[in-house]
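Residues per chain are reported as follows:
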Amino acid sequence: MKFIVIGITDHPEPFFPPEVMEVIRNGKIFSGGKRHHEIVSPLLPVDAQWIDITIPLHDVFEQYNSVTYHLSPLTPIIIFASGDPLFFGFANTIKRKMPDADIVVFPTFNSLQILAHRLVMPYHDMRIVSLTGRPWQEFDRAIIERSEKIGVLTDKEHTPAAIARRMLEYGYGEYTMYVGEHLGNPKLEKVSTISLEEAANGDFSMPNCVILHTEKTHNPLFGIPDRQFSLLNGREKMITKMPIRLLTLQALDLPKRHVFWDIGFCTGSVSIEARLQFPHLQIEAFEIRQECEAIIQDNARRFGAPGINIHIGDFLKMDISALPRPDAVFIGGHGGRLKEIMAKILTSLTPDGVIVFNSVTSPVVARMSDRPSSRQLWDDACEELHLHQSEPIRIVLDDNNPIEILRA
């Protein structure tokens with residue numbers, strides 16, 4: 001199947017070079033969004049057939065197959081798409097769904113390029129994030145990494161106002177926001193330069209896009225001081241201490257991991273440290289105590305760590321089948337059910353995944369108790385579940401009891 005994909009702006013009277021006009025005049029089957037149809041309809045042949053691009057896209061491609069069944073293989077479907085069709089555009093969708101398709105692209109400037117042109121802003125160093133039908137993950141990563149110039153493609157949910165509110169909530173207020181609305185339309189086009197505070201309460205018409213810019217430099221912490229966290233009932237022992245936290249992240253081998261589960265997050269210190277040091281990760285944090293939800297949210301806002309997905313309840317009773325499979329798991333609390341938790345983790349852990357657990361045992365308590373130590377529970381679970389253990393790391397902080405960082 002052959003596709004010719006033509007990029008257009010929001011201009012109500014589009015200009016196309018002669019070779020594109022020739023393609024349109026000779027075309028039979030056309031497609032695009034409803035807004036695109038309104039713009040180009042005066043240019044289409046009288047007998048042109050139009051297919052709206054709507055969700056679900058599977059139905060759209062079924063229509064493409066249907067209308068071309070009785071036509072020559074050389075008859076192209078001509079698609080109109082916004083801006084550059086290869087810039088988060090429909091040409092990429094065609095390549096993904098029909099990798100053998102013959103595709104010709106006639107691009108124009110994308111919306112972020114047009115906005116940069118209006119601002120006379122160099123954009124070769126701009127980091128691009130699409131929030132069009134996508135989650136916050138890559139946007140959160142861009143602000144955590146303090147990118148100086150971020151171009152953002154928006155949608156009806158991820159509006160300039162929603163973006164500004166998220167940035168202010170997590171302490172990224174040093175950016176200036178530039179908003180372009182209806183770019184390319186001489187009657188409706190509007191370009192605004194505003195603070196995030198102004199944008200958070202603003203009302204912006206669609207379609208729009210955003211450029212964020214800051215000139216402030218930032219030196220991130222490598223290891224957050226324990227005293228800066230909100231604690232559970234003020235109990236300092238209910239937090240993984242900073243040196244242990246960093247060694248734990250090292251044991252998890254997070255630079256090459258993708259999905260991290262933190263089971264028994266309590267204050268959220270491990271999840272937050274992981275989010276700030278490795279913002280490419282998708283993080284799922286679990287905790288049985290309801291009161292810890294407000295604590296991790298407070299700490300995440302305090303340290304600028306958006307995007308941690310929080311799950312409250314008994315992990316052993318949760319349905320985890322719909323969650324992304326982890327390749328790194330930290331068990332911060334187990335309530336005496338370590339083997340059961342590890343067994344449940346293994347139902348989802350990727351084949352190359354790793355589990356890390358910090359064992360703390362007081363020598364005095366160990367001598368006086370008939371219960372197995374946390375290290376013994378770990379060893380027994382690893383043996384029964386056929387897990388390969390790495391060499392443990394043993395560390396003593398100040399006058400505290402020894403800690404073993406265990407990895408399987």
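Parameters at a glance
- Residues numbered from 1 in each chain as written.
- Predicted model: local features only at pLDDT ≥ 70, side-chain atom pairs only at ≥ 80, totals over all residues.
- Heavy atoms only, no water.
- Helix = DSSP H or I, 4+ residues; strand = E, 2+ residues; numbered from the N terminus.
- Buried < 20%, exposed > 50% of the residue type's maximum accessible area, 1.4 Å probe, protein only.
- Contact = heavy atoms within 4.5 Å.
- Lys, Arg positive; Asp, Glu negative; His and termini not counted.
- Charge placed at Lys NZ, Arg CZ, Asp CG, Glu CD.
- Salt bridge = Lys/Arg side-chain N within 4 Å of Asp/Glu carboxyl O.
- Axes fitted to C-alpha atoms, helices over the stretch in contact; angles between N-to-C directions.
- Parallel < 35°, antiparallel > 145°, perpendicular 65-115°, else oblique.
- Left-handed = near helix turned anticlockwise from the far one by under 90°.
- Nonpolar A, V, L, I, M, F, W, Y, C, P; charged D, E, K, R; others polar.
- Disulfide = S-S within 2.5 Å.
- Pairing = 2+ DSSP bridges.
- Core = buried A, V, L, I, M, F, W, Y, C linked by side-chain atoms within 4.5 Å.

Looking at the overall build of the chain
Next up, step 1: Tallying secondary structure elements over the chain gives 14 helices and 17 strands in all.
Next up, step 2: For the chain, the spread of C-alpha atoms along the three principal axes comes to 90 × 50 × 30 Å.
Next up, step 3: Across the 408 residues in the chain, those meeting the buried criterion constitute 49%.
Next up, step 4: Taking the contacts inside the chain whose residues are at least 6 apart along the sequence as the reference set, 68% of them involve residues at least 24 apart.
Next up, step 5: Here the chain carries 41 positive and 51 negative side-chain charges, and the mean point of each set is 2 Å from the other.

As for the pattern of salt bridges
Next up, step 1: Evaluated as defined, the whole model comprises 20 salt bridges.
Next up, step 2: Measuring nitrogen to oxygen at the nearest pair gives 3.2 Å for the salt bridge that ties Asp 314 to Arg 337. A residue pair is termed long-range when its members are at least 10 positions apart, and Asp 314 in the loop between β13 (308-312) and β14 (328-331) and Arg 337 in the loop between β14 and α12 (338-346) qualify at 23 residues.
Next up, step 3: One connected set of salt bridges, linked through shared partners, spans Arg 127, Arg 141 and Glu 145.

Some remarks on the packing of α12 against helix α14 (residues 374-384)
Next up, step 1: Running from amino to carboxyl end, α12 crosses α14 at an angle of 40°, the nearest separation of the two axes being 9 Å. One element, α12, and the other, α14, form an angle in the oblique class. The way α12 lies across α14 gives a crossing that is right-handed. Residues Leu 338, Lys 339 and Met 342 of α12 form the contact with α14, whose participating residues are Ser 374, Leu 377, Trp 378, Ala 381, Cys 382 and Glu 384.
Next up, step 2: Looking at the contact of α12 with α14 residue by residue, the classes come out as six nonpolar, one polar and two charged.

Points about the state of the cysteines
Next up, step 1: Enumeration according to the criterion identifies zero disulfides in this entry.
Next up, step 2: Unpaired in this structure, Cys 292 has its nearest cysteine sulfur neighbour in Cys 266, at a distance of 4.4 Å.
Next up, step 3: In this structure Cys 292 comes out as buried when scored by relative accessible area, which is 0%.

Considering the sheet that holds strand β12 (residues 282-287)
Next up, step 1: Ordered in space as β13-β12-β11-β14-β15-β17-β16, the seven strands form an open sheet in which the pairing is mixed. Both edges of this open sheet fall to β13 and β16 (393-395), since each of them pairs with a single strand only. Put simply, the sheet's adjacent strands are angled 15° from each other on average, direction ignored.
Next up, step 2: Sheet topology note: the strand β11 (residues 259-263)/β12 ladder contains five bridges and is parallel. When the bridges of β12 are listed, Trp 261 appears paired with Glu 284.
Next up, step 3: Relative to the sheet, helix α9 (residues 242-252) contacts β11, β14, β15 (354-360), β16 and β17 (403-407), its axis offset from that of β15 by approximately 150°.

A short note on the nonpolar core
Next up, step 1: Counting residues in hydrophobic clusters, the biggest one holds 59 residues, and the most contacted among them are Phe 139, Met 177, Leu 212 and Phe 260.
Next up, step 2: Counting residues per element, this core draws most heavily on helix α11 (residues 292-303), which supplies five residues.
Next up, step 3: Beyond its immediate sequence surroundings of up to four residues, Met 177 is in contact with Pro 160, Ile 163, Ala 164, Ser 192, Thr 193, Ile 194, Leu 196, Ala 199, Val 210, Ile 211 and Leu 212.
Next up, step 4: Formed by 22 residues, the second largest nonpolar core is a distinct cluster that contains Val 259, Trp 261, Ile 263 and Ile 355.

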